[in-house]
Amino acid sequence: MSSKSKGAEPENGSGLLSMYRQARLIGAAALRWAFPERAQNRTYLRRSYNFESPIERGRHARTLSAVAQRLGPSALGEVLEVGCAEGAFTVELAKCSRSVTACDISAVACARAAQRCSGYANISLRHCDIVKASIGGPYDLILAMAVLEGIFGLKRLRRAVIKLVEAIRPGGFLVVNVFDLPGELQRAWWARWFLESKDRHIEALCKHPSLRLVHAESYPGPGLSVPGYAHPVIILLEKTGASQARDSDLSKGAASL
Ligand SMILES: C[S@@+](CC[C@H](N)C(=O)[O-])C[C@H]1O[C@@H](n2cnc3c(N)ncnc32)[C@H](O)[C@@H]1O
């Protein structure tokens, strides 16, 4: 995910500066853990995300193309987009779906998404926390792109995954984009207590007995790297009718991307 630069502190500062950075990181992470909606609203009010940038637009297009290869280029059916942000991807989905229900934990994001999506009769927007709210269904396709990173704590993460899977009809698909935590957070001694890494997200998904991993690719692609961008993995999972053994080679491959 690309985000705008927040402060003027140097990356490799002195002891005091690095303690200051750690304190700020811990504060931001604790806010997200304790008050996830407030934290997301704050992000939107500061306009820290830019989902219009070429790199994010490219990620959206790449994800849609991976979905189209599996499900066909049009008629995605009844779709749920979790963490719709300001609706940039929602309108793209609406062009090839029967209906799109788009939800976000941030009231600020939902209000902006409502404005952007007002011309699309097949989009309905909901302001809700995926961890707490009932999400209805069954859906043919659920997308949770760059969302799991915002759910702090393994218990919450597992609860959210179970809920998403329950809302997909058998034979339907779950699509996720999972990002690496910024290096600074990956290395922080305290992060292990409530931040989940990309590997943990992939593990939580691939271990679900009703999900079968059918596609995984790194974005923007092997050998390409964009400075400052936390390169995600685009993953498609199919909901099988019954519990079944997963393709463990594919799961290991996804984890190593
Ligand atoms: C990084 S943005 C990604 C936006 C978009 N899905 C994309 O990939 O371009 C993550 C979004 O998920 C939302 N989000 C985080 N936790 C959530 C939760 N528990 N329930 C619903 N939405 C959530 C955030 O408010 C934010 O808008």
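Structure first, text after, so check above.
Residues numbered from 1 in each chain as written. Predicted model: local features only at pLDDT ≥ 70, side-chain atom pairs only at ≥ 80, totals over all residues.

**What to know about the site of the ligand**
Taken together, 23 residues are adjacent to the ligand, and Gly83, Ala85, Ile130, Met145 and Gly150 come closest. Elements with a contribution of two residues or more to the shell around the ligand: helix H2 (36-45) and strand S2 (99-104). For the shell around the ligand, a count of residues per class yields 15 nonpolar, five polar and three charged. (Near = placed C-beta within 6 Å. Helix = DSSP H or I, 4+ residues; strand = E, 2+ residues; numbered from the N terminus. Nonpolar A, V, L, I, M, F, W, Y, C, P; charged D, E, K, R; others polar.)

**Observations concerning helix H6 (residues 154-166)**
Spanning 13 residues, H6 covers 18 Å between terminal C-alpha atoms, matching the ideal 18 Å at 1.5 Å per step. Among the residues of H6, those classed as buried are Leu157, Ala160, Val161 and Leu164. Seen end-on, H6 carries its buried residues on one side only, within an arc spanning 100°. H6 presents Lys155 and Glu166 as exposed residues on the side facing more than 90 degrees away from its buried surface. Considering only its buried residues, H6 is in contact with strand S4 (139-145), strand S5 (168-178) and helix H8 (198-206). (Expected span 1.5 Å × (residues − 1). Buried ≥ 20, exposed ≤ 12 C-beta atoms within 10 Å, placed from the backbone. Arc of directions from axis to C-beta. Contact = placed C-beta atoms within 7 Å.)

**Focus on the sheet that holds S5**
Read from one edge to the other, the open sheet built from seven strands follows the order S3-S2-S1-S4-S5-S7-S6, with strand pairing classed as mixed. The open sheet is flanked by strand S3 (123-127) and strand S6 (211-218), the only strands paired with a single partner. Going across the sheet, the axis of each strand differs from the next one's by a mean of 15°, ignoring polarity. Pairing analysis gives five bridges linking S2 to S3, with the strands arranged parallel. Directly across from Asp104, in S3, lies its bridge partner His127. Sheet strands touched by H8: S5, S6 and strand S7 (233-239). Its angle to S5, the strand with the most contacts, is close to 175°. (Pairing = 2+ DSSP bridges. Axes fitted to C-alpha atoms, helices over the stretch in contact; angles between N-to-C directions.)

**Some points on the pairing of S2**
Of all six residues making up S2, five are buried, and the element is well covered by its neighbours. Here strand S1 (residues 78-82) runs beside S2; their pairing, made up of five bridges, is parallel. The residue of S2 that forms the bridge with Glu81 is Ala102. In this fold, S1 hands off to helix H4 (residues 88-94), which returns the chain to S2; that crossover is right-handed. Taken together, S2, helix H5 (residues 107-116) and S3 form a β-α-β motif whose crossover is right-handed. (Right-handed = clockwise from strand over helix to strand, strands pointing away.)

By themselves these figures say nothing about function.
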